[in-house]
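Here are the chains, one letter per residue:
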Amino acid sequence: MKRRLKRALTAAALVSTVVAATAGWAAGSQQSAVTGPPPGTAGWRADVGTLGRPLPDPAGAGPGQIASFFSGIDPVERRALARRHPLVVGNLDGAPVALRYAANRRALRKEAVRQHARSTDPALTPQAHAHARHKAARYTRLLASDRQILAFDPRGRGQVAEVYGDLATAERTAVIVPGSDIDLRTFDSRGANRYGTPAGMAASLRSQMHEAAPGTRTAVIAWVGYTTPVGLGPDAATGRLAEAGAPRLERFLHGLSRTGAPAPSLFCHSYGSVVCGKAAAHLTRKDASNLVAFGSPGMHAASAAGLGTRVPVWSARDAADWIARIPNVRLFGLGHGTDPAGDGFGARVVSSDRAEGHAGYLEPGTDSGANFAAITLGSYDRVHCADGSRECAKAVTAARLR
């Protein structure tokens, strides 16, 4: 009895510390993670007429099997499947990239039409009408001719992946994994916080890569493929949503490698680094060339070696980032463990001078932005290490001696 009471009091104290350190929990409800195969899978499974045979089950077929399936059918058959099952084809990791773009454009058009109809449905409330109008406008913006939507899932708060650059010809690639409060509505928000959104980070990273190496073909993906926490509530303090999101990230990266894209550098911001930490042990150098945790509350590992991956691990944390006030502990399911930018973790810690706060790591003119570009380009000799980071210094020295 005394032991249980002690544990309960310790857990309560930890919760109070986290709340106090972050100026209180933001209002928000617990999120239901979107998991499982893409929407529309039931219709796909039932379709034996398009090709005259059963289609591979999205729930059971891995990205390698999906890639093999599409390589074995002709372009006419591919397009027929994308027309009939756009939400499935558009989200099938391992499917050809150009086919996924086309399928997602079709899915977005259908969803925009559906939401337009809902916005005037007399059976719905005025609030539902307004919500439908906002969704229809959002989907319409994603249909702009210059946008390349690699994934689109309207379930829940919505998920999306957008490509910046030509993924088919890119020599160097990166994937941005975001943290809390990011979804289909907020992933490319404009304004003062645009460099804190996945789209803003992706565009800035690609721009800085072009400035550093204008002759190198690059592509960056803003990946919002998991259900993120809302605010700094209980979801942000536990690994529940990260556990649901990690397999989705693994599958996405496995799918990229099966389409012939170069292994990307994986940039994991804030709670996104918890997702990357849980996925790390299942990633090879074919799936990711680097893993970079920035503004991280912890990765559910005591050290870089504890992540169980051969992918090089880097980190960054700005001195003014409020995330530094989060206690780096794990107790009774709360907290995310050791600081990846701390001395004892063993990551290659890079400088983030001139970055401001939690959302400023990829603003133009920051050390972190320049470092992230150099890491993605494989120009490790150009990386500026944080003071005292032995692992970073060793990597930079080795690159300069080659």
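Please refer to the structure placed before this passage.
Report follows, based on the coordinates. Here the structure is a predicted model, which means the values were calculated and not measured.

About the thresholds
Residues numbered from 1 in each chain as written. Predicted model: local features only at pLDDT ≥ 70, side-chain atom pairs only at ≥ 80, totals over all residues. Heavy atoms only, no water. Phe/Tyr/Trp six-rings, centres within 6.5 Å; stacked < 30°, edge-to-face > 60°. Helix = DSSP H or I, 4+ residues; strand = E, 2+ residues; numbered from the N terminus. Buried < 20%, exposed > 50% of the residue type's maximum accessible area, 1.4 Å probe, protein only. Disulfide = S-S within 2.5 Å. 1 Å grid on protein atoms, 1.4 Å probe; cavity = no way out; pocket = protein on both sides within 12 Å on 5 of 7 lines; lining within 4 Å. Points joined across faces, edges and corners; volume = space filled by probe spheres on them. Nonpolar A, V, L, I, M, F, W, Y, C, P; charged D, E, K, R; others polar. Pairing = 2+ DSSP bridges. Contact = heavy atoms within 4.5 Å. Axes fitted to C-alpha atoms, helices over the stretch in contact; angles between N-to-C directions. Salt bridge = Lys/Arg side-chain N within 4 Å of Asp/Glu carboxyl O.

**A word on the packing of aromatic side chains**
Where two aromatic rings form a pair, the distance of their centres and the angle of their planes describe that pair.
At step 1: Counted according to the given criterion, the structure contains 8 aromatic pairs.
At step 2: Seen from their ring centres, F267 and F372 are 5.1 Å apart, and the 45 degrees between their planes marks the pair as tilted. Pair noted here: F267 is in strand β5 (residues 265-269) and F372 is in helix α12 (residues 367-377), with a separation of 105 residues, a long-range link. In terms of burial, F267 and F372 fall into one category: buried.
At step 3: Cluster of aromatic residues (ring-pair linked, three or more members): F267, F294, Y361 and F372.

**Focus on the state of the cysteines**
Covalent bonding between the sulfur atoms of two cysteines defines a disulfide.
At step 1: Following the criterion strictly, the structure yields 2 disulfides and no others.
At step 2: The disulfide that involves C268 links it to C276, with 2.1 Å between the sulfurs. Judged by the sign of its S-S torsion, about -90 degrees, the cystine formed by C268 and C276 is left-handed. Of the two residues examined, C268 and C276, each falls in the buried class.
At step 3: Disulfide partner of C385: C392, at an S-S distance of 2.1 Å. The S-S bond linking C385 to C392 shows a torsion near -80 degrees; that makes this disulfide left-handed.
At step 4: Looking at C392, the relative accessible area reads 0%, which means it is buried.

**Let's talk about the layout of surface pockets**
Over the atoms, a rolled probe matching the size of one water molecule traces out where space is still vacant.
At step 1: Of the pockets and cavities examined, the largest pocket occupies roughly 480 Å³.
At step 2: Taken together, 30 residues make up the lining of the largest pocket; nearest its centre are S180, L232, S270, W322 and H358.
At step 3: A class-by-class count of the residues in the lining of the largest pocket yields 14 nonpolar, 15 polar and 1 charged.

**Some remarks on the sheet that holds β5**
At step 1: Ordered by their spatial adjacency, 8 strands build an open sheet running β1-β2-β4-β3-β5-β6-β7-β8, and the pairing between neighbours is mixed. Of all strands in the sheet, those with a lone pairing partner are β1 (148-153) and β8 (348-349), marking the two edges.
At step 2: Across 4 bridges, strand β6 (residues 290-294) lies against strand β7 (residues 313-316) in parallel orientation. Paired with L291 across the two strands is V313, which belongs to β7.
At step 3: Of the strands in this sheet, β2 (159-165), β3 (172-177), β4 (218-224), β5 and β6 touch helix α8 (residues 198-212), which is tilted by about 165 degrees from β4.

**Re the pattern of salt bridges**
Side chains bearing opposite charge may pair, as long as their charged atoms lie close to each other.
At step 1: One pass over the structure, following the stated rule, counts 15 salt bridges.
At step 2: Between D235 and R240 there is a salt bridge, with its nearest N and O atoms 2.7 Å apart.
At step 3: For K394, the salt bridge is made with E391, and the minimal N-O distance between the two is 3.3 Å. Here E391 and K394 lie together in helix α13 (residues 390-401), a separation of 3 residues that amounts to about one turn.
At step 4: Connected through shared salt-bridge partners, R138, R147, E162 and D188 make up one network.

**Here's the deal with the pairing of β7**
At step 1: Residues V313 and S315 line one face of β7 and the alternating positions W314 and A316 line the opposite face, and both faces are buried.
At step 2: Both β7 and β8 contribute to a ladder of 2 bridges, which runs parallel. Each bridged residue has a counterpart across the sheet, and for S315 the counterpart in β8 is V349.

**Quick notes on the environment of A280**
At step 1: Relative to the helices and strands, A280 is located in the loop between α11 (272-279) and β6.
At step 2: Sequence separation between A280 and V311 is 31 residues, and the spatial gap between their C-alpha atoms is 8.0 Å.
At step 3: Once residues within four sequence positions are removed from consideration, A280 is found in contact with L291, L307, G308 and T309.

**Examining the environment of A373**
At step 1: For A373, the location among the structural elements is in helix α12.
At step 2: In this structure the C-alpha to C-alpha distance between A373 and T309, which are 64 residues apart in sequence, comes to 22 Å.

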